[in-house]
Amino acid sequence: MPNYRRLFAPGATYFFTVVTHNRRPILDGETARRCLRNAIREVQASHPFDLLAVALMPDHIHCIWRMPEDDSDFSTRWSCIKRKFTRSWLDAGGQEVAISKARSKHRERGVWQKRFWEHMIRDQADLVNHVNYIHYNPVKHGLVKCPHEWPHSSFARWVREGYYSTDWLCSCDSQVEHPDFTEVASSVGE
């Protein structure tokens, strides 16, 4: 097994992919979205970070965080978000799947995959590529035809702030060529 080591850099910007256990589509309902939104806000209050971009898919989340200048501990933040989400999700009637004895021994639940994927953003071009990948992800997965149709992402905010036009990669009226996010997709592990 490779010895994977995370790269921690105070004040850095990171792209994350966080996946549900067995890729169950538990994030497609309003209850789950509310639980996740509340968990993120609670963690941001105690462990600040800027959420620059996000797309909430039925079975995974892609997002980009900017860490505080003196802090690089994204792992604790994700642990807290997953824990808070799991508690409120299960309290609201959400279901978990059976897990192995080993996972149970480590007090894990059958809601999230144990790990997550992170990539430290290298420069402005890398940031733009990952933001575009995030906002196009619902189209890639066949959930909508155009990025503006997916309500569970930061796309509308990026349009309001002038970074995108409303019709960015839109195929509502015509067929557009799908962008090539090969470099990003190969690094995402999706």
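Our structure is the block above this text.
Residues numbered from 1 in each chain as written. Predicted model: local features only at pLDDT ≥ 70, side-chain atom pairs only at ≥ 80, totals over all residues. Heavy atoms only, no water.

S.K.: Just checking my understanding: could you explain the overall build of the chain for this structure?
M.R.: A count of helical and extended segments in the chain gives 6 helices and 4 strands. Taken from N to C terminus, the helices and strands of the chain fall in the order β-α-β-β-α-α-β-α-α-α. For the chain, the residues scored as buried account for 45% of the 190 residues in total. Excluding contacts between residues fewer than 6 apart, the proportion of contacts in the chain whose partners are at least 24 apart in sequence is 71%. Carbon and sulfur atoms make up 50% of the accessible area of the chain, which totals about 10600 Å². (Helix = DSSP H or I, 4+ residues; strand = E, 2+ residues; numbered from the N terminus. Buried < 20%, exposed > 50% of the residue type's maximum accessible area, 1.4 Å probe, protein only. Contact = heavy atoms within 4.5 Å. Areas by Shrake-Rupley, 256 points an atom, 1.4 Å probe, with all protein chains shown as cover.)

S.K.: Just checking my understanding: could you explain the side chain of Thr20 for this structure?
M.R.: One can find Thr20 in the loop between strand E1 (13-19) and helix H1 (30-46). For Thr20, a relative accessible area of 0% translates into the label buried.

S.K.: Quick question: what am I supposed to make of the packing of aromatic side chains here?
M.R.: What characterises a pair of aromatic rings is the spacing of the ring centres plus the angle enclosed by the ring planes. Applying the stated rule across the entire model yields 18 aromatic pairs. Pairwise contacts between aromatic rings join Tyr14, Phe16, Phe49, Trp65, Phe74, Trp78 and Phe116 into one cluster. (Phe/Tyr/Trp six-rings, centres within 6.5 Å; stacked < 30°, edge-to-face > 60°.)

S.K.: Is there a simple way to explain the environment of Met67 in this structure?
M.R.: Within the secondary structure, Met67 sits in the loop between strand E3 (60-66) and helix H2 (74-91). Once the C-alpha coordinates of Met67 and Asp50 are considered, the two residues, 17 residues apart in sequence, prove to be 6.6 Å apart. Setting aside residues no more than four positions away along its own chain, Met67 makes contact with Gly11, Ala12, Tyr14, Phe49, Ser72, Asp73, Phe74 and Arg77.

S.K.: Which parts of the structure should I look at to understand the environment of Thr31?
M.R.: Position of Thr31 relative to the elements: it lies in helix H1. Owing to a relative accessible area of 32%, Thr31 belongs among the partly exposed residues under this scheme. A C-alpha to C-alpha distance of 8.6 Å links Thr31 and Gly94, two positions 63 residues apart in sequence.

S.K.: Honestly, the pattern of salt bridges in this entry has me stumped. Any pointers?
M.R.: If the charged atoms of two oppositely charged side chains come close together, the side chains can form a pair. Going through the model one piece at a time under the given rule, you end up with 7 salt bridges. Of the charged contacts, one joins Glu30 and Arg37 as a salt bridge, the two residues approaching to 3.0 Å between their closest N and O atoms. Using a relative accessible area of 44% as the deciding quantity, one classes Glu30 as partly exposed. The partly exposed category is assigned to Arg37, whose relative accessible area is 34%. Several salt bridges share partner residues, and in doing so they unite Glu30, Arg33 and Arg37 into one network. (Salt bridge = Lys/Arg side-chain N within 4 Å of Asp/Glu carboxyl O.)

S.K.: Is there a simple way to explain the packing of H1 against H2 in this structure?
M.R.: The packing of two helices is summarised by the inter-axis angle and the distance between the axes. Packing of H1 against H2 brings their axes to within 8 Å, and their N-to-C directions diverge by 140 degrees. In terms of axis orientation, H1 runs oblique to H2. Crossing angle aside, the handedness with which H1 passes H2 is right-handed. Seen from H1, the contacting residues are Ala32, Cys35, Leu36, Ala39, Ile40, Glu42 and Val43; seen from H2, they are Arg77, Cys80, Ile81, Lys84, Phe85, Ser88 and Trp89. A class-by-class count of the residues in the contact of H1 with H2 yields 10 nonpolar, 1 polar and 3 charged. (Axes fitted to C-alpha atoms, helices over the stretch in contact; angles between N-to-C directions. Parallel < 35°, antiparallel > 145°, perpendicular 65-115°, else oblique. Left-handed = near helix turned anticlockwise from the far one by under 90°. Nonpolar A, V, L, I, M, F, W, Y, C, P; charged D, E, K, R; others polar.)

S.K.: What is the right way to read the pairing of E3 from this model?
M.R.: On any regular strand, side chains alternate: one points to one face of the sheet, the next to the other face. Most of E3 sits inside the fold, with 6 of its 7 residues counted as buried. Pairing between strand E2 (residues 50-56) and E3: 6 bridges, direction antiparallel. Counterpart to Ala53 in the pairing with E3 is Ile64. (Pairing = 2+ DSSP bridges.)

S.K.: Would you explain the environment of Cys170 in this entry?
M.R.: Tracing the chain through its elements places Cys170 in the loop between helix H5 (155-160) and helix H6 (182-188). A C-alpha to C-alpha distance of 9.7 Å links Cys170 and Val139, two positions 31 residues apart in sequence.

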